[in-house]
Amino acid sequence: MTNIFPLREVPKNVGELPKKMLAWCIRPDREGDPDTAMKLEEVDVPAVGPNEVLVLVMGAGVNFNGVWAARGKPVSVFRMHGEPMHIAGSDASGIVWKVGDQVKRWKAGDEVVIHCNQSCGQCPECNGLDPMACSEQKIWGYETSWGSFAQFTKVQAQQLLRKPKQLDWLSAASYGLTYFTAYRMLVHQAEVTAGDHVLIWGAAGGLGVFAVQICRMLGANPIAVVGGKDKMELVKSLGASALIDRNDYADLMYKPPETPERNKARMEACKKFGKRVRELTGGRDVDVVFEHVGQQTFPTSVFLAKKFGKIVICGATTGFNLEFDVRHLWMRQKQILGSHFANAYQAERANQLVHEGKIRPVLDQVFPFEQTAHAHALMAANKHKGKMGIAVQAAAARAGLPKADAA
Ligand SMILES: NC(=O)c1ccc[n+]([C@@H]2O[C@H](COP(=O)([O-])OP(=O)(O)OC[C@H]3O[C@@H](n4cnc5c(N)ncnc54)[C@H](OP(=O)(O)O)[C@@H]3O)[C@@H](O)[C@H]2O)c1
């Protein structure tokens, strides 16, 4: 038996298993910045259960949950899964390498992308309501270990989706988590329809690049907010109807504690920002606000949504404790909708749109496996656009790596 596979190549014998693999591990005693918390180690290749699949990771996608996992904040991942180490990574493309004895829909050699929702598959919620409501629901590679920053990853068979043939391995690894999340938020939770105006915070970020495309595909008008003129070209190319640079509104962000003077300045900035939004919509307030920034933007989001409008939220990068003037919510009968990833059916439907070329991945930068921690540090510092990909067994890539991989 081979001891460890070399990186950046696909072994000839599909199904042949080494004893060990390379993996980026976080350990309980070194939680902190990604650069120091994540270390490349040799670990045992995990065994698969009856309904599980071992996938040879070709490409892995970087997500903000890797930053949360490294920091151990707001919650340590070790409290969630109790394993002695955490391999982060909730996005991957790869080749099915070994299947459990109950797996019928997939076989060794299949080329796949992976969605990141795990659930028990047996409870009434999984079988009638929504697997996202399962009491055992977990995000693979965040609330579970054995994520994608390793040569092999262990997943439930229901997490597999067909890899779109037209995509290279790293593009295929880059979209699942954020795209499927944005899809559920806009299509299922906010029920965006043609003609709606949708304000999208962080439109050049991982969620935002898909939110813009989904709105455009649905016939809605995506109003894209970005932090810097350099991000505008990308967002425009994805179909944004209007663009706003949040840096033009210096006092807009809510940063508690707030003095009365600071509160006054922020409210003025908020009204000025709202005026600009209405200029861009032909005088209308926005039907939906797409939220994930959290504390700093949430009061503005509640203020800006139209009467009976919706604020749909899946995250809070700038802080989880949200404060806002609730009068704007009840007097104008707005709704706040929580949303979290997507179920397998939604992921499958959304993936089909990628197969059909109606939604495209936005892979901004690609790194070799050895720079996984560095890519997370860039994300923590908001020094990225769209998505970042990591070449694991793919010989990829662009951006300084030897060779583009169209395999
Ligand atoms: N619940 C779920 O299923 C789920 C799924 C995916 C992501 N999330 C969460 O959602 C958040 C965003 O994820 P992502 O992948 O889109 O991250 P990302 O790629 O880092 O993008 C986030 C964007 O937010 C913007 N931003 C940062 N600080 C801001 C501020 N003060 N005001 C306005 N915008 C600000 C930045 O854009 P500009 O600087 O250009 O404005 C950045 O591009 C993370 O907290 C993540 O954990 C949750």
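A quick note: this is a predicted structure, and the numbers were derived from the prediction, not measured.

The rules behind the values
In every chain, residue numbers begin from 1 and rise along the written sequence. Predicted model: local features are reported for residues with pLDDT of at least 70 only, side-chain atom pairs are reported and counted for 80 or more only, and whole-chain, interface and lining totals are derived from all residues. Working definition: helices are DSSP H or I runs of at least four residues, strands are E runs of at least two. Numbering for both runs from the N terminus. Note that the radius of gyration is over C-alpha atoms, with the globule rule given as 2.2 Å times the number of residues to the power 0.38. Throughout, a residue-residue contact means that the two C-beta atoms, derived from backbone geometry, are no farther apart than 7 Å. Two strands pair under a simple rule: DSSP has to find at least two bridges between them. Each residue receives a C-beta atom placed from its backbone. It is near a molecule or strand if this atom lies within 6 Å of it. Note on residue classes: Ala, Val, Leu, Ile, Met, Phe, Trp, Tyr, Cys and Pro are nonpolar, Asp, Glu, Lys and Arg are charged, and everything else, Gly too, is polar. Think of a nonpolar core as buried Ala, Val, Leu, Ile, Met, Phe, Trp, Tyr and Cys residues chained together by C-beta atoms that fall within 7 Å. We call a residue exposed when 12 or fewer other C-beta atoms sit within 10 Å of its C-beta, buried when the count reaches 20 or more, and partly exposed for counts in between; the C-beta positions come from the backbone. The split of the chain into domains comes from an automatic or database domain assignment. Each residue after the first adds 1.5 Å to the expected span of a helix. The definition of a right-handed crossover adopted here requires that, viewed with the strands pointing away, the path from the first strand over the helix to the second runs clockwise. Comment: axis = line fitted to C-alpha atoms, over the contacting stretch for helices; angle = value between 0 and 180 degrees taken between N-to-C directions. Oblique is the label for any angle not covered by the other classes, which are roughly parallel (under 35 degrees), roughly antiparallel (over 145) and roughly perpendicular (65 to 115). As used here, the arc is the angular range of directions from the helix axis to the C-beta atoms.

Novice: I'd like to hear about the overall build of the protein, residue by residue, with values.
Specialist: Helix and strand counts for the protein come out as 13 helices and 18 strands. Here the protein has a C-alpha radius of gyration of 21 Å; the compact-globule value for 407 residues is 22 Å, and the two agree. Taken over the C-alpha atoms alone, the protein extends approximately 70 × 40 × 40 Å along its principal axes. Partitioning the intrachain contacts of the protein with sequence separation of at least 6 by distance along the chain shows that 69% fall at a separation of at least 24.

Novice: Describe in detail the sheet that holds strand E4 (residues 86-87), supporting the description with residues and values.
Specialist: On the basis of which strands lie adjacent, the open sheet formed by three strands has the order E2-E1-E4 and antiparallel pairing. Of all the strands in the sheet, the pair left with one neighbour each is strand E2 (38-44) and E4. Pairing analysis gives seven bridges linking strand E1 (residues 20-26) to E2, with the strands arranged antiparallel. Directly across from Leu22, in E2, lies its bridge partner Glu42.

Novice: Quick rundown of unusual backbone geometry? Include the residues and the values.
Specialist: Excluding glycine, a negative phi dihedral is what most residues carry, and trans is how most peptide bonds are arranged. The peptide bond linking Lys73 to Pro74 adopts the cis configuration, its omega dihedral lying at 0°. Looking at where Pro74 falls in the secondary structure, it is placed in the loop between helix H2 (64-71) and helix H3 (77-81). Here Pro256 and Pro257 are connected by a cis peptide whose omega angle stands at -5°. The topology assignment puts Pro257 in the loop between strand E13 (242-245) and helix H9 (260-280). Even without a glycine there, the phi angle at Phe341 is positive, about 30°. Checked against the element boundaries, Phe341 lands in the loop between strand E16 (335-338) and helix H12 (344-355).

Novice: Can you lay out the environment of His384 for me, pointing to particular residues and giving the numbers?
Specialist: One can find His384 in the loop between helix H13 (372-380) and strand E18 (387-391). Once the C-alpha coordinates of His384 and Gln213 are considered, the two residues, 171 residues apart in sequence, prove to be 19 Å apart. When residues no more than four places from it in sequence are discounted, the contact partners of His384 are Asp364, Gln365, Leu378 and Met379.

Novice: Hey, could you go over the site of the ligand for me, with residue numbers and the actual values?
Specialist: Around the ligand, the structure places 30 residues, and the nearest of them are Gly202, Gly205, Gly206, Gly227 and Gly315. Of all the secondary-structure elements, those providing two or more residues to the shell around the ligand are H2 and helix H6 (176-189). Per element, the largest residue contribution to the shell around the ligand is three residues, and it comes from H6. Tallied by class, the residues present in the shell around the ligand amount to eleven nonpolar, 17 polar and two charged.

Novice: Which residues make up the pairing of strand E6 (residues 111-114), and what values do they have?
Specialist: Two elements, strand E5 (residues 92-99) and E6, share four bridges in a ladder whose sense is antiparallel. For Ile95, the partnering residue across the bridge sits in E6 and is Glu111.

Novice: Break down the nonpolar core for me, citing the residues and quoting the values.
Specialist: Residues Val55, Ile200, Ala211 and Phe290 are the most contacted members of the largest nonpolar core, which totals 119 residues. Each of two domains, domain 1 (20-175 + 361-391) and domain 2 (179-338), supplies a minimum of three residues to this core. Sequence-distant contacts of Val55, defined by excluding residues within four places in its chain, comprise Ala92, Gly94, Ile95, Val96, Trp97, Val112, Ile114, Phe152, Thr153 and Val155.

Novice: Provide a residue-level description of H6, including the pertinent values.
Specialist: Taking 1.5 Å per residue, 14 residues should reach 20 Å; H6 reaches 18 Å between its end C-alpha atoms and fits that length. For H6, the buried fraction is high: eleven of the 14 residues fall into the buried class. Lining the buried residues of H6 we find strand E3 (52-61), E6, helix H7 (208-218), strand E14 (286-291), strand E15 (305-313) and H12. Positive backbone phi, at 50°, marks Glu191, one or two positions downstream of H6.

Novice: Requested: an account of the pairing of strand E17 (residues 363-368), with residues and values cited.
Specialist: With five bridges joining them, E17 and E18 adopt parallel strand pairing. Pairing of Gln365 across the sheet is with Met388, part of E18. For the handedness criterion, the β-α-β arrangement of E17, H13 and E18 is classed as right-handed.

Novice: Quick rundown of the packing of H2 against H13? Include the residues and the values.
Specialist: Interhelical geometry of H2 versus H13 gives an angle of 100° and a closest axis separation of 9 Å. The angle between H2 and H13 places the two elements in the roughly perpendicular class. Across the interface between the two elements, Phe64, Gly66, Val67 and Ala70 of H2 pack against His376, Met379 and Ala380 of H13.

Novice: Now, about the sheet that holds E13: what can you tell me, with residues and values included?
Specialist: Either a parallel or an antiparallel arrangement is found when strands of a sheet pair, and the pairing is made through backbone hydrogen bonds. Spatial strand order, E13-E12-E11-E14-E15-E16: six strands in an open sheet with parallel pairing. Of all the strands in the sheet, just E13 and E16 have a single pairing partner and so form its edges. Adjacent strand axes in the sheet meet at a mean angle of 20° when their direction is disregarded. Note that strand E12 (residues 221-226) and E13 share four bridges and pair parallel. Bridging from a neighbouring strand, Val226 pairs with Asp245 of E13.

Novice: I'd like a rundown of the domain arrangement of the protein, residues and numbers included.
Specialist: The domain architecture assigned to the protein consists of domain 1 (20-175 + 361-391) and domain 2 (179-338). When each unit is reduced to the centre of its C-alpha atoms, the spacing between domain 1 and domain 2 is 29 Å. Across the boundary between the two partners, domain 1 contributes nine residues, which contact nine residues of domain 2. Class assignment for the residues of the side of domain 1 that touches domain 2 results in four nonpolar, three polar and two charged.

Novice: Tell me about H9, and please be specific about residues and values.
Specialist: Here H9 is 21 residues long and its end C-alpha atoms lie 30 Å apart, about the 30 Å a rise of 1.5 Å per residue gives. Among the residues making up H9, those that are buried are Arg266, Phe273 and Val277. Buried residues along H9 cover an arc of 45° about the axis, so they all sit on one side. Relative to its buried face, H9 has exposed residues pointing more than 90 degrees away, namely Pro260, Glu261, Lys264, Lys275 and Glu279. Buried residues belonging to H9 abut strand E11 (197-200), E12, E14 and helix H10 (298-304). Taken from the residues just after H9, Gly282 is the one with a positive phi, measuring 75°.

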